[in-house]
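# Breakdown of the fold
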Amino acid sequence: NRLQIEQLPNLPHQIANCSSVLIGKHWYILGGIKCPDSKTALSICWQLDLEQTENGWKQCPSIPGEGRMLSVAGNLNGDLILVSGVSLHDGKRKYLRDAYILNAENIWTQIRDLPKPVVAAPNPAWFDRHSSNLLIFGGDNGKLASKNLKEKHPGFSSDVLCYNPNENIW
């Protein structure tokens, strides 16, 4: 019946627009940008062992493909999955559809591309233990990216994407 606060180790450097997921005792931080005017996105993957926080953040193998921000991370039955997001090329967004799994041996494997981007969707993605499928809710598919919608933004998609790892299909 009380709030308890524990100071965790600082990140190796500041970061924004990253993805995050807790898998077992490990907390992962992925991708993002160093500052608001960054011209490129990061390919970082940091891991913190919550049972040995005194060891600080460990750098895992970099995310394959392009650096990315606003991607979706998830716990795929013990493996880390990272999908979509946007890369930055001289500050301009490129919407991504690629997806990767990082297994317990710290090896990234590319899986089937998503049918459409799901940028800035809620994190982490939902793993349904009953069906063994991963669900991603909403997100920005990039179709309205070139429009000025500051006053009349219709909101993000209400679609749900489902990934079946046994068949490697979305």
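The rules behind each value
- Residues numbered from 1 in each chain as written.
- Predicted model: local features only at pLDDT ≥ 70, side-chain atom pairs only at ≥ 80, totals over all residues.
- Heavy atoms only, no water.
- Salt bridge = Lys/Arg side-chain N within 4 Å of Asp/Glu carboxyl O.
- Helix = DSSP H or I, 4+ residues; strand = E, 2+ residues; numbered from the N terminus.
- Buried < 20%, exposed > 50% of the residue type's maximum accessible area, 1.4 Å probe, protein only.
- Pairing = 2+ DSSP bridges.
- Axes fitted to C-alpha atoms, helices over the stretch in contact; angles between N-to-C directions.
- Polar contact = N/O pair within 3.5 Å; in protein donor to acceptor, adjacent residues only side chain to side chain.
- Contact = heavy atoms within 4.5 Å.
- pLDDT = per-residue confidence, 0-100.
- Phe/Tyr/Trp six-rings, centres within 6.5 Å; stacked < 30°, edge-to-face > 60°.

## A short note on the pattern of salt bridges
Counted according to the given criterion, the structure contains five salt bridges. Its salt-bridge partner being Lys25, residue Asp49 comes within 3.3 Å of it at the nearest N-O pair. Within this pair, whereas Asp49 is found in strand β3 (residues 45–49), its partner Lys25 is found in the loop between β1 (19–23) and β2 (26–30), the two being separated by 24 residues in sequence. For Asp49, a relative accessible area of 14% gives the class buried.

## Focus on the pairing of strand β12 (residues 133–137)
Pairing of strand β11 (residues 126–128) with β12 involves three bridges; the strand directions are antiparallel. Its bridge partner lying in β12, Asp128 is registered against Asn133. Following β11, the chain reverses through four residues before pairing antiparallel with β12; Ser132 in that reversal takes a positive phi of roughly 65°.

## Some thoughts on the sheet that holds strand β13 (residues 160–163)
A sheet is described by the order of its strands in space; here three strands give the open sequence β11-β12-β13, paired in antiparallel fashion. At either end of the open sheet lies a strand with only one pairing partner, and these are β11 and β13. In this sheet, neighbouring strand axes are inclined to one another by 25° on average, regardless of whether the strands run parallel or antiparallel.

## Let's talk about the pairing of strand β5 (residues 72–76)
β5 sits mainly inside the fold: five of its five residues count as buried. Here β5 shows two buried faces, one formed by Val72, Gly74 and Leu76 and the other by Ala73 and Asn75. Here five bridges tie β5 to strand β6 (residues 79–83), and the two strands are oriented antiparallel to one another. If you follow Ala73 over to β6, its bridge partner there is Leu82. If you look at the hairpin formed by β5 and β6, you'll find two residues sitting between the two strands, and Asn77 has a positive phi there, around 55°.

## Quick notes on the side chain of Ser19
Relative to the helices and strands, Ser19 resides in strand β1. On the accessibility criterion, Ser19 (1% relative accessible area) is buried. Side-chain polar atoms of Ser19 contact the backbone oxygen of Ser71, separated by 2.6 Å. Excluding its chain neighbours within four sequence positions, the residues that come into contact with Ser19 are Tyr28, Ile29, Leu30, Ser71, Val72, Ala73, Leu82 and Asn123.

## Quick look at the confidence of the model for the protein
Per-chain confidence: the protein averages 92 in pLDDT, with 94% of residues scoring 70 or above. Model confidence for the protein, summarised as mean pLDDT per element, is weakest for strand β8 (residues 92–95) at 92 and strongest for β3 at 98.

## Points about the packing of aromatic side chains
Counted by the stated rule, this structure contains two aromatic pairs. Taking the centre distance of 4.7 Å and the plane angle of 45° together, the rings of Tyr163 and Trp170 count as tilted.

## Digging into the environment of Gly65
Secondary-structure assignment places Gly65 in the loop between β4 (58–59) and β5. Put simply, Gly65 and Arg2 are 63 residues apart on the chain and 44 Å apart in space, counted from C-alpha to C-alpha. Once residues within four sequence positions are removed from consideration, Gly65 is found in contact with Ser43, Asp98 and Tyr100.

## Some details on unusual backbone geometry
The omega angle of the peptide bond from Asn123 to Pro124 is -10°, so this bond is cis rather than trans. Within the secondary structure, Pro124 sits in the loop between β10 (108–111) and β11. Despite not being glycine, Asn17 has its phi angle at roughly 55°, a positive value. Structurally, Asn17 is set in the segment before β1. With a relative accessible area of 34%, Asn17 lands in the partly exposed category. Although it is not a glycine, Asn106 adopts a positive phi angle of roughly 65°. Residue placement: Asn106 occurs in the loop between β9 (99–102) and β10. Judged by relative accessible area, which is 22%, Asn106 ranks as partly exposed.

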